[in-house]
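Below are the chains, spelled out letter by letter.
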Amino acid sequence: FVQQPAMNVVRGAVSAAINAKVDFDVELLWGEGGYDGTRMLQARAPSQPPIVKHPVTGDPTWFCNVHSHSSKLRHQRESIYGAERFE
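Since we're looking at a predicted model, the values are computed, not measured.

1. Quick word on the overall build of the chain
A count of helical and extended segments in the chain gives three helices and four strands. Ordered by position in the sequence, the α and β elements of the chain form the string α-β-β-β-β-α-α. By the burial criterion, 9% of the 87 residues in the chain qualify as buried. Considering only residue pairs separated by 6 or more positions, the chain has 30% of its internal contacts joining residues 24 or more positions apart. As displayed, the chain offers around 7200 Å² of accessible surface, 58% of which is attributable to carbon and sulfur atoms.

Here it is in structure tokens:
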């Protein structure tokens, strides 16, 4: 009975912290993961184009967030923290 209100407080605090750092919407999803079904809160950012205009020069600039999408890094993270089980 206390779990849901606590989850709402955590979600609100995490949302406030993220919104202070980024200028785009971030979706927060509760799930269970790892070998013991631990509750976790996952933040998902919307996809962004890989090529954007530099804000000062206007030149095309490539942005790579491979740290989020690399299967090698994802498998390494899973070996340490357990597999994420989000749909």
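Let's pick the thread back up.
2. Re the side chain of Q42
Within the secondary structure layout, Q42 lies in strand β2 (residues 38-44). The exposure class assigned to Q42 is buried, which follows from its relative accessible area of 15%. Separated by 3.0 Å, the side chains of Q42 and R44 make a polar contact.

3. Let's talk about the environment of M40
Relative to the helices and strands, M40 resides in strand β2. Counting along the chain gives 33 residues from M40 to M7, while the straight-line C-alpha distance between them is 9.8 Å.

Reading guide: rules and limits
- The written sequence of each chain sets the order in which its residues are numbered from 1.
- In keeping with the model being predicted, local features are shown solely for residues with a pLDDT of at least 70 and side-chain atom pairs are shown and tallied solely at 80 or more, while totals for entire chains, interfaces and linings include all residues.
- Neither water nor hydrogens contribute to the side-chain values; these are computed over all heavy atoms in the structure.
- Only DSSP runs of H or I covering at least 4 residues are called helices, and only runs of E covering at least 2 are called strands; the numbering of each starts at the N terminus.
- Remark: exposure states derive from per-residue accessible area (1.4 Å probe, protein chains only) relative to the maximum for the residue type, with buried under 20%, exposed over 50%, and partly exposed in between.
- Pairs of residues are marked as contacts when any of their non-hydrogen atoms sit within 4.5 Å.
- In this description, accessible areas are obtained by the Shrake-Rupley approach with a 1.4 Å probe, and a residue is regarded as covered only by the protein chains that are shown.
- Two N or O atoms form a polar contact when they lie within 3.5 Å of each other; inside protein one atom must be a possible hydrogen donor and the other a possible acceptor, and for residues adjacent in sequence the pair counts only when both atoms belong to side chains.

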